[in-house]
Amino acid sequence: MAALTRSARMALTSSSLQQIRFASTKKVATSKTSSEDDLITLPRYKEYSTGVSRLREHYRNTVQDDLMVLTYNHSFKPKAKIPEGVRIELKGNKHIKPAPKAPSPTAVPELVKIDVHCMMKEALTSKFNLLSGFMAIQSITGEMPELINSKKGVHPWKLRAGNPIGCKVTLKGDKMYQFLDKLVEVVLPRMKEWPGLPESAGDATGNIGMGFPPSAMSLFPEIEQNFDMFPRMTGFDVTFTTTANTNLEARLLLSGFNMPFQQKSRSAPVTKAAAPAAAPVSP
Amino acid sequence: MSSIFRRHLAKAAASLVAPASRSAALVQGATPVRLAFAVRSYSTPAASSTPLKSNISTSSSAVVSSTKDLIIQGKRIVAGAVLSRQPLILRDLSPFEQEYFTYQKNLERDHAAPFGSEFYFKKGSVAERRWKQQEADRLAAGSSSTSTSTLSSSSKDASSKATEESSQLQDEISEEDRVAALEAQIQFNDRVTEADRKKDMRSLERALARTLYLIVKKPREQHAWQFPQGGVRLVENLQEAAGRELQEECGSNMDLWFVGRVPIGHYSYNFPKELKSESVKGAKVFFMKAHIFAGQVQVDNKEIVDYAWVTKQEMKDYVAPEYYEAVQDMLSDF
């Protein structure tokens, strides 16, 4: 674990993440006792598209066209613009929702990014406890996580402002689709007794978030292979950011990628209707 | 947006899952043999006398059976079904794209964070040996194209070292490992199927990388090839009418999913003089989109005599020019 997590350790100890220095492949392979002077600095991670993304092609061929048909607003009336300087009174604490966009082929909902985030309470006692979660997130996403330091101190939890408390990866492009593919095809089907995302999923502006228990981490093939190497498993959150405007559009988009959603049982109204029919008829 | 449509969308949200599961078999290069995803394949027949499997929700008004045609402003209203089979494998890459992706792959490998094999593989395990062998083979083949000067020198050293290492490794790898490695290898199916070679236009297993559309042939001279379509009755909606027509013309041996209850296009035309009557001068066809997941068309030789699964470009050779002109914008180029 030492060689691989060295860069992660450095991330914990270095003041700025932009200045992380990577060890070259050769150095790691040959000598473990290389001093810091021998390290070379590589350019910051750039995204490479190394092939046709399966889910992106599926989106372009099927989901995009179907979403266009399903979400097209045939009776769209643009809202009157609020003149400048006019103040709007909010009802309660609710956010102002963005005005619905005019339907167009360019405004079909699309997945923008996926955030994978974890927070570890164990990091309160020692920041090096975070390494396990750091490595796990790096393994499942294939990208170096970003450290998250607490913004505020919370005295009852013994949390001080500025302490590392979690890590986060933002996935875009091919890597995003790869992660979604893995999640939907491998991990979610193996989560026993998980009924699927609720019908009310979504934050009303087109983003959907979901949380995973620590047990779900071990279902990823990358973790499953060497589960013993991770001292502690951590739960994590996944947030899907889309260009959809409503919950409904976002759910349609994700279900197009095979994300399971809870469905109200359709048999319920049938049995209700059948019950009086089966009962003896009285005049 | 009407509330009815909104409610329908909520239902459709759940059922959209189905198309994805079918095309989940898209794989770059070819279809792996082991992937088993659909309960029914395209060729399996359904039990006879079963209704068409689809997501059509029958409205209460349609229970009243009426065979009266719906005529609005002297035009008969007709519902057509644009039934498509989505691509099953990824598209073919152009030579330029292939080159580009290979180059990017090498760049990514060179710029990747160092891989800690001791973390992922237990020392002395079969997996570790196999990985070392693969890595040595890769380096010996010199597949690593490098972008930065510092890296290129280091990788040259590595490749020369790799050949030495690989010869050592050869001795270590036992026969058992070799068998395991062979078993682990994925065998790919051909991208060109038997139906492609035979030019069997009726097969759903042809042109795997393309979207196919169903067209049917009616027993007449002109406008013989069309999408399956038929008149809307007085009490049914467009989706119900399209589903009913599909079942009447193509049989019930198909698992379908209608994409919404809103038409994706329309085609208006006037009847020839001999067919024109006082009240009906022409017809207006509304096309409903649907996907097929399993099953196949059954020809009854009454309403239709032949059928074909064609791409957009192939459709041009079958249908009348004015018909193609009207429907081409609804269809996918890929």
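Here the structure is a predicted model, which is why all the values come from computation and not from measurement.

Calculation rules
- Residues numbered from 1 in each chain as written.
- Chains lettered and ligands numbered in written order.
- Predicted model: local features only at pLDDT ≥ 70, side-chain atom pairs only at ≥ 80, totals over all residues.
- Heavy atoms only, no water.
- Helix = DSSP H or I, 4+ residues; strand = E, 2+ residues; numbered from the N terminus.
- Buried < 20%, exposed > 50% of the residue type's maximum accessible area, 1.4 Å probe, protein only.
- Contact = heavy atoms within 4.5 Å.
- Areas by Shrake-Rupley, 256 points an atom, 1.4 Å probe, with all protein chains shown as cover.
- Disulfide = S-S within 2.5 Å.
- Phe/Tyr/Trp six-rings, centres within 6.5 Å; stacked < 30°, edge-to-face > 60°.
- Core = buried A, V, L, I, M, F, W, Y, C linked by side-chain atoms within 4.5 Å.
- Axes fitted to C-alpha atoms, helices over the stretch in contact; angles between N-to-C directions.
- Parallel < 35°, antiparallel > 145°, perpendicular 65-115°, else oblique.
- Left-handed = near helix turned anticlockwise from the far one by under 90°.
- Nonpolar A, V, L, I, M, F, W, Y, C, P; charged D, E, K, R; others polar.
- Expected span 1.5 Å × (residues − 1).
- pLDDT = per-residue confidence, 0-100.
- Polar contact = N/O pair within 3.5 Å; in protein donor to acceptor, adjacent residues only side chain to side chain.
- Patch = residues over 30% accessible without salt bridge, like charges linked within 9 Å, V, L, I, M, F, W, Y side chains within 5 Å.
- Salt bridge = Lys/Arg side-chain N within 4 Å of Asp/Glu carboxyl O.
- Pairing = 2+ DSSP bridges.

Enquirer: Sorry, what's going on with the overall build of chain B here?
Expert: In terms of regular secondary structure, chain B is built from eleven helices and nine strands. By the burial criterion, 44% of the 334 residues in chain B qualify as buried. The contacts in chain B between residues at least 6 apart in sequence include a share of 74% that link residues at least 24 apart. With an accessible surface of roughly 18,000 Å², chain B has 53% of that area assigned to carbon and sulfur atoms.

Enquirer: Could you clarify how one ought to interpret the overall build of chain A in this entry?
Expert: Secondary structure assignment for chain A yields nine helices and five strands. Reading chain A from its N end, one meets helices and strands in the order α-α-α-β-α-β-β-α-β-α-α-β-α-α. Among the 283 residues that make up chain A, the fraction classed as buried is 41%. Taking as baseline every contact in chain A between residues at least 6 positions apart, the subset at least 24 positions apart corresponds to 73%. Within the structure as shown, chain A displays about 16,400 Å² of accessible surface, and the carbon and sulfur contribution to it stands at 54%.

Enquirer: I tried to follow unusual backbone geometry on my own but got confused; where do I start?
Expert: Working note: non-glycine residues mostly have negative phi, and peptide bonds are mostly trans. A positive phi angle, near 75°, is found at Ala-204 of chain A, a position not held by glycine. Within the secondary structure, Ala-204 of chain A sits in the loop between helix H5 (173-190) and strand E4 (207-212). Here the phi dihedral of Gln-73 of chain B falls at roughly 50°; this positive angle occurs in a residue that is not glycine. By relative accessible area, Gln-73 of chain B is classed as exposed at 80%.

Enquirer: What is the right way to look at the state of the cysteines in this model?
Expert: Covalent bonding between the sulfur atoms of two cysteines is what defines a disulfide. Residue and element names in this part refer to chain A. Here the structure, examined in full by the defined rule, presents zero disulfides over all chains. Among the cysteines around Cys-118, which has no disulfide bond, Cys-167 carries the closest sulfur, lying 3.6 Å off. With relative accessibility at 1%, the residue Cys-118 sits in the buried group. Classification of Cys-167 as buried rests on a relative accessible area of 0%.

Enquirer: Help me understand the packing of aromatic side chains in this model?
Expert: Residues and elements named next belong to chain B. Enumeration over the complete set of coordinates arrives at 17 aromatic pairs over all chains. Each ring, one from Tyr-267 and one from Tyr-323, has its centre 5.4 Å from the other, and the planes form 80°; the classification is edge-to-face. Taken together, the positions of Tyr-267 in strand E7 (residues 265-270) and Tyr-323 in helix H11 (residues 321-327) put the pair 56 residues apart, joining distant regions of the chain. According to the relative accessible area criterion, Tyr-323 is buried, its value standing at 0%. Through a chain of ring-to-ring contacts, three or more aromatic side chains come together here, namely Phe-227, Tyr-267, Tyr-269, Phe-271, Phe-287 and Tyr-323.

Enquirer: What exactly am I supposed to notice about the nonpolar core here?
Expert: Across soluble globular proteins, nonpolar side chains show a tendency to be buried alongside one another. Among the nonpolar cores identified, the biggest contains 59 residues, and Leu-111, Ile-114, Phe-236, Phe-240 and Met-259 of chain A are the most heavily contacted of them. The dominant element in this core, judged by the number of residues it contributes, is H5 of chain A, at eight residues. Excluding residues within four positions of it along the chain, Phe-240 of chain A makes contact with Leu-111, Lys-113, Ile-114, Leu-180, Leu-183, Gly-206, Asn-207, Ile-208, Met-210, Leu-254 and Met-259 of chain A. Within the second largest apolar cluster, 32 residues are counted, among which are Val-216, Ala-242, Val-297 and Trp-309 of chain B.

Enquirer: Where do I start with the packing of helix H3 (residues 54-71) of chain A against helix H8 (residues 247-256) of chain A in this structure?
Expert: When two helices pack together, their arrangement is given by the angle between the helix axes and by the axis-to-axis distance. All names here are of chain A. Remark: H3 packs on H8, axes separated minimally by 10 Å, with the N-to-C direction vectors making an angle of 150°. On the basis of their axis angle, the class for H3 and H8 is roughly antiparallel. Here H3 runs over H8; the crossing is right-handed. Every residue of H8 that contacts H3 at His-58, Tyr-59, Val-63, Leu-67, Leu-70 and Thr-71 is listed here: Glu-249, Leu-252, Leu-253 and Gly-256. When its residues are assigned to classes, the contact of H3 with H8 shows six nonpolar, three polar and one charged.

Enquirer: What is the right way to read the packing of H3 of chain A against H5 of chain A from this model?
Expert: All names here are of chain A. In contact at an axis separation of 7 Å, H3 and H5 are set at 95° when each is read in the N-to-C sense. As summarised for this structure, H3 and H5 are arranged roughly perpendicular, according to the angle between their axes. Taking contact as the criterion, the partners of Arg-54, Leu-55, Arg-56 and Tyr-59 in H3 are, on H5, Gly-173, Asp-174, Tyr-177, Leu-180, Asp-181 and Glu-185.

Enquirer: I'm lost on helix H4 (residues 130-141) of chain A in this one. Help?
Expert: Count 3.6 residues to each turn of an α-helix, and residues three or four apart come out pointing the same way. In this model, H4 of chain A (twelve residues) spans 17 Å end to end at C-alpha, consistent with the 16 Å of a helix rising 1.5 Å per residue. Counting buried positions over the twelve residues of H4 of chain A gives twelve, a clear majority of the element.

Enquirer: I'm lost on the confidence of the model for chain A in this one. Help?
Expert: Keep in mind that low pLDDT regions are not for reading the predicted coordinates in detail. Residues and elements named next belong to chain A. Averaged over all residues, the pLDDT of chain A is 79; the fraction at 70 or higher stands at 75%. Within the model, the stretch residues 13-37 combines pLDDT values under 50 with 31 contacts to residues more than four positions away or in other chains. A low-confidence stretch, residues 268-283 stays under pLDDT 50, and its non-local contacts, those more than four residues away or across chains, total zero contacts.

Enquirer: I keep staring at the environment of Arg-191 of chain B and nothing clicks. Help me out?
Expert: Relative to the elements of secondary structure, Arg-191 of chain B occurs in the loop between helix H7 (175-184) and helix H8 (194-198). At 2.6 Å, the side chain of Arg-191 of chain B forms a polar contact with the backbone oxygen of Leu-90 of chain B.

Enquirer: Hey, could you run me through the side chain of Asn-61 of chain A in this one?
Expert: In this fold, Asn-61 of chain A is placed in helix H3. With a relative accessible area of 14%, Asn-61 of chain A lands in the buried category. Apart from residues lying up to four places away in sequence, Asn-61 of chain A is in contact with Gln-86, Pro-87 and Phe-334 of chain B.

Enquirer: Can you help me understand a nonpolar patch on the surface in this one?
Expert: Where nonpolar side chains cluster on the molecular surface, the patch consists of Ile-82, Val-86 and Ile-88 of chain A and spans about 270 Å² of accessible area. Looking at the secondary structure, you find Val-86 of chain A in the loop between H3 and strand E1 (111-119).

Enquirer: Honestly, the pattern of salt bridges in this entry has me stumped. Any pointers?
Expert: One side chain can pair with another of opposite charge once the charged atoms of both are near each other. A full pass over the atoms with the stated rule returns 23 salt bridges over all chains. A salt bridge links Glu-224 of chain A to Arg-190 of chain A, with the nearest nitrogen and oxygen atoms 2.7 Å apart. Residue Glu-224 of chain A is found in helix H7 (residues 221-225), and its partner Arg-190 of chain A is found in helix H5; the two are separated by 34 residues along the sequence. Here Glu-224 of chain A falls in the partly exposed class, since its relative accessible area comes to 38%. For Arg-190 of chain A, a relative accessible area of 36% puts it in the partly exposed group. Ionic contacts of the salt-bridge type, sharing partners, join the residues Arg-233, Glu-236, Arg-244, Glu-245 and Glu-248 of chain B into one network.

Enquirer: What exactly am I supposed to notice about the sheet that holds strand E5 (residues 236-242) of chain A here?
Expert: Strand pairing in a sheet takes place through backbone hydrogen bonds and is either antiparallel or parallel in direction. All names here are of chain A. Spatial ordering of the open sheet is given by E2-E3-E1-E5-E4, a layout of five strands whose pairing is antiparallel. If you trace the sheet from one side to the other, it starts and ends with strand E2 (146-149) and E4, each paired once. Looking at each pair of strands side by side, their axes are set apart by 25° on average, direction ignored. As paired strands, E1 and strand E3 (residues 164-171) are joined by six bridges and run antiparallel to one another. Counted as the bridge partner of His-117 is Lys-168 from E3. Strand contacts of H5: E1, E3, E4 and E5, with the helix running at about 65° to E1, the strand carrying the most contacts.

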